[in-house]
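Below, each chain spelled out in residue letters.
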Amino acid sequence: MDCRLCGASAADFLAGDAVYAECPECGYVGIEQGRIPTPEAEERRYRLHRNSYEDERYTSWIAEYLDAVAEYLPPGATVLDFGSGPQPVPAMLLRERGCAVSVYDPYFAPGDAWRNARWDAILVHEVAEHLADPRAVFTELAALLSPGGALCVRTRFPPEGREAFSRWRYRMDETHVGFFAARSLERLGSRLGLRTALLEDPDRAVLVRRT
Ligand SMILES: [Zn+2]
């Protein structure tokens, strides 16, 4: 099947009981189309997520990421938390840090106003792995960045090797339908006119719009 991120022809392989395709060009690993959950199933699953502001471990796990990318999310920046989920904890923490944050989520914070704004930063925190059409989404988000604006991404990079991939717990969440290698993000960025400003294991990248 073709890579949903760059369109190259990708080789199929089996992991668990699902077929995936690993792209030889960009390294993106996508699950077979038939395993992508319907929007209804996806929403049902998200409603079971129990991430909350009161959960200290969860909050500090997010804060650790925000610290790592802090220079791209300075106080006063306009930030879109894209795919904010049922409990927009990253948005709350960014507001505490002085950012002007808006949230968008197709299920929990719908609306189109964010599409008419330009953003100093767009946060895509644990969202990229859920996207059925990652190319379309990232193309749209890149176009909404102000010049010099930053796309801050958090998504786990897949382990090397089929065996390790097969055992990888992150793969087993049924709403995780595609996995970005570090080079997937780098290549995606360069196609969209974004410079890779930060790329760090196990899960973080910042792509900055050139002009
Ligand atoms: Zn690809």
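Here is what the cut-offs are and how they apply
- Residues numbered from 1 in each chain as written.
- Predicted model: local features only at pLDDT ≥ 70, side-chain atom pairs only at ≥ 80, totals over all residues.
- Helix = DSSP H or I, 4+ residues; strand = E, 2+ residues; numbered from the N terminus.
- Rg over C-alpha atoms; globule rule 2.2 N^0.38 Å.
- Buried ≥ 20, exposed ≤ 12 C-beta atoms within 10 Å, placed from the backbone.
- Contact = placed C-beta atoms within 7 Å.
- Pairing = 2+ DSSP bridges.
- Axes fitted to C-alpha atoms, helices over the stretch in contact; angles between N-to-C directions.
- Right-handed = clockwise from strand over helix to strand, strands pointing away.

Engineer: Help me understand the overall build of the protein, please; the structure alone is not making it clear to me.
Structural biologist: Regarding its fold elements, the protein presents six helices and ten strands. At 17 Å, the protein has a C-alpha radius of gyration in line with the 17 Å of a compact globule built from 211 residues. Its C-alpha atoms put the protein at 45 × 40 × 30 Å along the principal axes. Taken over 211 residues, the protein has a buried fraction of 36%. Of all intrachain contacts in the protein linking residues separated by at least 6 positions in sequence, the fraction that spans at least 24 positions is 58%.

Engineer: How do you make sense of unusual backbone geometry when you look at a structure like this?
Structural biologist: Glycine aside, negative phi is the norm for most residues, and most peptide bonds take the trans geometry. A cis geometry characterises the amide bond from Asp201 onward to Pro202, with omega recorded as 0 degrees. Inspection of the secondary structure assignment puts Pro202 in the loop between β9 (194-200) and β10 (204-209). Even without a glycine there, the phi angle at Glu126 is positive, about 55 degrees. Counting through the fold element by element, Glu126 comes out in the loop between β6 (119-125) and α4 (134-143). Residue Glu126 is classed as partly exposed on the basis of its C-beta count, with 19 C-beta atoms lying within 10 Å.

Engineer: Help me out: how do you make sense of the sheet that holds strand β4 (residues 78-82) in this one?
Structural biologist: Whenever strands of a sheet pair, they do so through backbone hydrogen bonds, lying parallel or antiparallel. Here we have six strands laid out as an open sheet, ordered β5-β4-β6-β7-β10-β9, and mixed in their pairing. Only two strands of the sheet have a single neighbouring strand rather than two, namely β5 (100-104) and β9. In this sheet, neighbouring strand axes are inclined to one another by 20 degrees on average, regardless of whether the strands run parallel or antiparallel. Here six bridges tie β9 to β10, and the two strands are oriented antiparallel to one another. In the strand pairing of β10, Arg195 is matched with Val208. Here α4 sits on the sheet and contacts β4, β6, β7 (145-154), β9 and β10; the angle it forms with β7, its principal contact strand, is near 140 degrees. Sitting on the sheet, helix α6 (residues 182-191) is in contact with β7, β9 and β10, with an inclination near 165 degrees to β9.

Engineer: What should I look at first to understand the pairing of β7 in this one?
Structural biologist: Regular strands show a simple pattern: their side chains alternate between the two faces of the sheet. The element β7 is extensively covered by neighbouring structure, given that seven of its ten residues are classed as buried. Relative to β7, β6 is paired through six bridges, and the arrangement is parallel. Opposite Ile122, over in β7, you have Leu151 as the bridge partner. Chirality of the crossover, the property in question, places the unit of β6, α4 and β7 among those that are right-handed. Looking at chain direction, β7 and β10 are connected through five bridges and run antiparallel. Bridged to Arg154 within β10 is Arg204.

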